[in-house]
Each structure stands twice: as structure tokens, then as C-alpha cells.
Amino acid sequence: MPPLLHAEQLTSIRAERCLFAGLSFAVSGGELLQVVGQNGSGKSTLLGILAGLASPDEGQVYYQQQALTTHREAFYQDLLFLGHKAAVKASLSALENVALQRQLDCGDSQPAPTEQDWDNLAQLDLLGLEELPAAQLSAGQQRRIALCRLWSSPAKVWILDEPFTALDQAGIELLHQRIDQHLAAGGCVVLTSHQPLLWQPQNYRTLTLQAQGVA
Amino acid sequence: MWRWLHPLAKPETSYRLADKLLPWFSILAVLVLSIGLVWGLVFAPADYQQGDSFRIMYIHVPAAIFSMSVYFAMAAAAFIVLVWQWKISGWFIQAAAPVGAVLTAIALITGAIWGKPTWGTWWVWDARLTSELILLFLYAGVLALYYAFEDSKKGMKAAAILALVGVVNLPIIHFSVEWWNTLHQGASITKFEAPSIAPSMLWPLLLALLGFALLSVALVLLRLKNEILRQELGKPWVSKELHGEPSNG
Amino acid sequence: MKLSSLSLIMWVIRRDLRVANRQRSEWLNPLIFLLMVITLFPLGVGPGEQILSRIAPGIIWVAALLSGLLGLDRLLREDYEDGSLEQLVLQPVSLSMTGLGKIVAHWLLSGLPLVILAPLFGLLLSVPVSAWWVLTLSLLLGTPMISALGAIGAALTLQARRSGTLVSLILLPLLIPLLIFATSAIEAAAMGLPANGQLAIIAAMSVLALTLSPLAMAAAIRMSIR
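What counts and how
- Residues numbered from 1 in each chain as written.
- Chains lettered and ligands numbered in written order.
- Predicted model: local features only at pLDDT ≥ 70, side-chain atom pairs only at ≥ 80, totals over all residues.
- Heavy atoms only, no water.
- Helix = DSSP H or I, 4+ residues; strand = E, 2+ residues; numbered from the N terminus.
- Rg over C-alpha atoms; globule rule 2.2 N^0.38 Å.
- Contact = heavy atoms within 4.5 Å.
- Areas by Shrake-Rupley, 256 points an atom, 1.4 Å probe, with all protein chains shown as cover.
- Lys, Arg positive; Asp, Glu negative; His and termini not counted.
- Charge placed at Lys NZ, Arg CZ, Asp CG, Glu CD.
- UniProt positions renumbered as here; feature names shortened; annotations may be inferred.
- Buried < 20%, exposed > 50% of the residue type's maximum accessible area, 1.4 Å probe, protein only.
- Buried area = accessible area lost by both parts, 1.4 Å probe.
- Salt bridge = Lys/Arg side-chain N within 4 Å of Asp/Glu carboxyl O.
- Polar contact = N/O pair within 3.5 Å; in protein donor to acceptor, adjacent residues only side chain to side chain.
- pLDDT = per-residue confidence, 0-100.
- Pairing = 2+ DSSP bridges.

With that settled, the discussion passes to the overall build of chain C. Each helix and strand counted, chain C has 9 helices and 0 strands in total. Mapped from its N terminus to its C terminus, chain C presents α and β elements in the order α-α-α-α-α-α-α-α-α. For chain C, whose C-alpha radius of gyration is 18 Å, the value lies close to the compact-globule estimate of 17 Å for 226 residues. If you line up chain C on its principal axes, its C-alpha atoms span 60 × 30 × 30 Å. Counting only contacts in chain C whose residues sit at least 6 apart along the sequence, the fraction spanning at least 24 positions is 81%. As displayed, chain C offers around 8,700 Å² of accessible surface, 70% of which is attributable to carbon and sulfur atoms. If you average the places of the 14 positive and of the 10 negative side-chain charges in chain C, the two averages end up 6 Å apart.

Right, dumping it as C-alpha cells:
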């Protein structure tokens, strides 16, 4: 089976420092790739390049065998990217945030909260907090608002930057289950995490980034 | 992809080219400029209306013309940065902007000095002077933006975008200022539109124009060389260039 | 399928208005600033009707430009800091379209209130009633240009140091034509002359700015976000 997402010979240089060079890898449907490395080894940069937020100094990323530089739109139809920053509006309530995310991810221009939004809030244990502005919630609860996207989005490719940050044990457990579901449904996941995963998905690989010398 | 094929996109190649061209432009600039200015400032006949004060034209006119041209050159380089991502043309923006700004400042100062005997005051909100002043602000904006970033690559891109936005606006600004001027001042003295200029005055002016052009190119080349070295510092070829030998192996 | 261009523009506008409704001071402050500046002038040059009506068009438009610049930081900063801007870049729609949505939302919050308040400015600065209509029209046609060019400035300076003064520094020269034609339109109207020509030019400049600046804004956002 051809890989969903693959990268060829990626090189990235930040502020005169070579983060990685000649990096090639592929991720197929049903696979989970964990990018590991020390602080500053370029994990977030790599995820940014995979998502097309930044461009590599050399090399190319392909989605379904087509270069990202030319087939951006097809890729973005199928992409869910959860960055370091959660994209949660601090002044809006949890419910409003979830509804806005759902519209963006599902292409649903229905602005009013739907049944599904309530289900997702319940799923992530946010019921009772739905009317509060997100700014008044804890970091973990804000993270949970952002994670609601994983339940509503139909995207095939998930790119998650430190998804476990600020989550409690129950939250991490929920996320495990959801990731397993997604993999079983044929999707792929690329994520970064400082800790080793607490469970073993079926198709699990790691990619270690080591800091390189001066460019 | 063909940007990698083009030799000029390589900093080292363009550095060598600039290095070769610089002496020629410098020598020619000094030569042509001194002939043109001495001819214009000393030997050309005095104007029958303005007397000797008109002689500042030999500095003012070329500075004013090339202050504009440098901006257009900068915008062309900006286009290249954004479309083909040549780093060199980004550095060209940084090299050219201060040269353009200084030319603009010279045009403003000489314009003011010329204004004193002509209008009896140092500053008049004349269309040309106002346009030059706004041009100076545009240069200031590009330079300020270039240096406002920790990451010089970003500064370069930001300055390039602004230079392009500026060049689209330049004709509009120029037109609006001309229009504003006619509206508010009625018929003011238009300085350069002498119906016919005597050949004895024209030749030194043409020489001064050519001299200023050569001088601008020479200054930009010099600054471009410096910027290439600064940006590529640490690369083996730079160490070789500066110390005669590679620094680390 | 994710949102199409048009629905994404609507999504951006609806969300920005909703956020603005929660942070009213963010967009009210520039308006209050504008009113204060306009109040300062009669206090500074004296309340004489003749002087005031002579300099009123200039005051109103200079103050409008300054207050427009003041509120620009709001345009993209919050989206950039909370990560929403990243999500907008990752939509399968041209980023210029999203940018256009941001510009329209910004105009609804900064330009439209000026249009509504225009008669009040005219009243405070003794603009002849016959010129109020042109004053209002000049603000209606001209303020979109402030939002459009302002969006470029806001996008360019997202990652810059000292971005506050920098935005004004790079934008004010570009807004000079707007100032010239807008004040001249009001002056002409105050003298009982037709101002159609000036208003048409302002409209043309705004249309040009609205077409081209989303492109520059998209390039600037891509530059800033990585």
C-alpha cells in the first residue's frame, strides 16, 4: 500500500544551525509515527514542515504521492493539525469554540451548536463548563476543548504537536482510545511527545531527531 | 527548482562578480562625476534669470531622479525574492535602500538650498519636494522593517513585500501630491520645465546624471559585497576570502 | 469537504464579531481616542467657527487615520498568539480569501463606526451641514483602504520587535493619497462645489487596495507564521 504521507531528503536550517538533513520517511494509513528528540532538536519545525506551515530548506513532502507545494489544497482537505498553540479563543465559551472548530473541520456552515458538539463536550468531560469563557478554564481544560476536534473531524491525517501536554491521566487515556480508533479506521498520526507512549499501538514507529552541527 | 541551476543565485558567484565590477564602476564614477560637476559648477554659463544659484541643479536633478530609480530597482529585486526566493536579491534590497535614502536626502537638502534664492524660503510645500519627502519616509519604512526581525531571512522577506506594496503606491502618491499642489498653490514656479536648455548647460547635466548613476551602482555593489560576507560568515569560502585560507579544515 | 472560500470568509467575519462583542473595549478605545483628538482641536486653536470649519476636514481625516492605526494590532495579533492563524493557513482555500474576511471584519469594527459618527464630527467641528453627506461618503469609501493596507502592516509586523510604532511608520506614507483626496472632497463640498471626482478616486483606491492587499497580506502571513 502506498504511504499516505512521505518526506524525501528534508533539510532544515534555523538561525545558522542545521536541525536535520536528508531526512526521509513515510507514514501509511493505520500507522503512528512518534517524533522524539530533545528540546530544540526540531520536532515542532518538522511537524510545521509536514503541515506546510514552513518550507524545508531542501527536500519535499508528499501526500498521496503528490508534492505538497503543488497539491496543497487536496492535502488540507484531509489534514487535522493541532499545534503547540491550541487555537482556542480565550474570550469565547467552550461551546462556542467547539462549534467554531466543528464548522472549520467539517465544512459545516451551521453556526449554532449541534447535538454533536454537546456529545463531544460530554466525551471530554467539559459539561457544566460550556458557558464559561475559555480564559477562565485551566490549561488542561483548554487543551480538552482543542482536542474535541479529534472527535468531530473526518480528517485522515493527524499531525499533533505535544497532544498530551497539560492533560490529566483520564485525558491521556481518552486520547489513547481515540488515536487507536483513528488508526483502526485507516487514518495516520504523526505526533511529538516528551514521554514514551503509555500503550502500544499496532503500527508504531519512532523517529529520533538528533541535533546536528553548525551549517 | 531552476533557482539552484542559476549560477548567480549562489552567493559566492555574485560576490566574485560584484568584486570584479566594483573597481570599474568606482573609477568611472569618480571620473565622470568630477568632469560633469566641475564643468557644471564652474564653467557652464550662468542662468539669465537665476544667476549662479541654478548650478545646484547639477546635484539636485540627478539625486532626485536616481532616488526614484533606486526604489524601482529595489522593487524589482523584491519581486525576485518573493517569486524565485533568491537570497541575493533580498540582500540587494538591504544594500540599495540606504543608498536610495541618501540620494533622496541629498535631493531634499539641495532642493531646500535652491528654494532659498528662488522662493526666498528654505521650505515650500512644492509637489516635487513633498514627493521626495514621502519617498524618504518609504525608504525609512523599508529599512526599519528590514532590521526589526531577529531572523534576517524574515526581515528580508518583510522588506521585500513592503517594497512591492510601496512601488504600487508610488505612482498614486505622486499623482495625488501633484494634484494637491495644483489645488492649493495655483501656479507655482516649476523648476525643471525650462522650455529649452542651452547645450552648454545640458552636457554637464548629462555627465552629472551618468556620474550619479555610476556612483549609485558602485555604492550598491560595495554594500552588497559587505552584506554577502556578513550573511555567509562562517562558510568556508568566506574564511578563505578574508584570511586567505579556510578556517576549519 | 471543508468550508469553501465564501463560507470561510463568512466564518471569519462571524467569529471576529463574536470575539469583539466579548472584548468591547478593544474596538471602542480607538473610537474614544478619535473623539478625544477631535475635542482637543477646538481647545487648542479656539472655538471660532471659521478656523474650525477651515481645518475640520484635515482634523477628521488625520484623526481617523491615527485611530485606524491604533487598532491595527488587534487585527491579527490575537489569532497569531492563540494559534488560530495557523489553522486559517491550513484551510484548503486561498489564504488571500481568509485575509479578505479579516479585513472586512476589521472594517466593520473600525471603519463603519466612523461612518455612523461622521455627522457628530461635522457638528463638533462646524462643518457646514451641506458637506455632511460628502464627509460621510468619504469615510464610507475611504476607511476600507485603511483596513486593507493596515492588514498588510499588521501581517508584516507580527514577529517584529517594537511593532507598535513600526506599523505606523510603514503605513502612514501609503495613506497620504487617501488623506489628500478625502480632505479635498470635504473642502469642495463645504464650498458648494461638486466632489464626485475626488470620491470616485477614493472609491477606486479602496477597490484597488481591497483587491491587491489580500495577496500581500497572505504572503506576509506565510512569512510571519513559520
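Alright, that's what it looks like, and here's the rest.
We now examine the overall build of chain B. A tally of helices and strands in chain B yields 7 helices and 0 strands. Along chain B, helices and strands appear, N-terminal first, in the series α-α-α-α-α-α-α. Considering only contacts in chain B between residues 6 or more positions apart, those separated by 24 or more positions represent 76%. Accessible surface, chain B: about 12,300 Å² in total, of which carbon and sulfur atoms supply 71%.

Here the focus is the UniProt feature "transmembrane region" (unreviewed entry) in chain C. All names here are of chain C. Under the present numbering, the feature "transmembrane region" (unreviewed entry) in UniProt falls on residues 27-45, 51-72, 104-125, 131-158, 170-193 and 199-221. The distance separating the terminal C-alpha atoms of residues 104-125 is 29 Å; by composition the span is 95% helix and 0% strand. The annotated region residues 199-221 carries 100% helix and 0% strand content, and the separation between its end C-alpha atoms amounts to 32 Å.

All names here are of chain A. Phi is positive for Gln65, close to 70 degrees, though the residue is something other than glycine. Relative to the helices and strands, Gln65 is located in the loop between β4 (58-63) and β5 (66-67). Of note, the phi angle at Glu162 is positive, near 50 degrees, even though the residue is not glycine. Judged by its relative accessible area of 8%, Glu162 falls in the buried class.

Quite often, the size of an interface is put as the accessible area lost when its parts meet. Contacts between the two partners involve 29 residues from chain C and, on the opposite side, 31 residues from chain A. Interface area, chain C with chain A, both sides summed: about 2,800 Å², of which 55% is carbon and sulfur. Counting every contact that joins chain C to chain A gives 5 salt bridges. For Asp82 of chain C, the salt bridge is made with Lys89 of chain A, and the minimal N-O distance between the two is 2.9 Å. Of all elements in the fold, only α1 (5-22), α4 (73-82), α5 (84-89) and α9 (196-225) of chain C reach the threshold of two or more residues within the side of chain C that touches chain A.

Time to look at the UniProt feature "transmembrane region" (unreviewed entry) in chain B. Residue and element names in this part refer to chain B. Annotation from UniProt places "transmembrane region" (unreviewed entry) at residues 21-44, 56-84, 91-113, 133-149, 161-181 and 201-222. Between the C-alpha atoms that bound residues 56-84 there is a distance of 42 Å. The span itself is 97% helix and 0% strand. Helix makes up 100% of residues 91-113 and strand makes up 0%, while its end C-alpha atoms are separated by 34 Å.

The subject of this paragraph is the side chain of Ser91 of chain A. Mapped onto the fold, Ser91 of chain A is located in the loop between β6 (79-82) and α3 (94-106). Among the residues examined, Ser91 of chain A registers a relative accessible area of 11% and is labelled buried. At 3.4 Å, the side chain of Ser91 of chain A and the side chain of Gln23 of chain C are in polar contact. Ignoring any residue separated from it by four or fewer positions in sequence, one finds Ser91 of chain A in contact with Pro133 of chain A together with Val19, Arg22 and Gln23 of chain C.

What follows is about the interface of chain C and chain B. Each side of the interface is counted separately: chain C has 30 residues, and chain B has 29 residues. Between chain C and chain B, the buried area comes to about 2,500 Å², and carbon and sulfur atoms account for 78% of it. It is Arg161, Leu174 and Met223 of chain C that lose the most area in chain C upon contact with chain B, and together they represent 23% of the buried surface on that side. Across the pair Glu150 of chain B and Arg161 of chain C runs a salt bridge whose closest N-O atoms are separated by 3.8 Å. Taken together, the connections running from chain C to chain B amount to 4 residue pairs in polar contact (both at pLDDT 80 or more).

Residue and element names in this part refer to chain C. Here chain C averages 91 in pLDDT, and 100% of its residues register 70 or above. Predicted confidence in chain C is weakest over α4, with a mean pLDDT of 88, and strongest over helix α7 (residues 132-156), with 94. Interface confidence in the predicted complex, given as ipTM, is 0.89; pTM for the same model is 0.88.

Further remarks concern the sheet that holds strand β1 (residues 5-14) of chain A. Taken in spatial order, the 4 strands make up an open sheet running β2-β1-β4-β5 (chain A), and their pairing is antiparallel. What marks the edges here is a single partner per strand, and that holds for β2 (17-27) and β5 of chain A.

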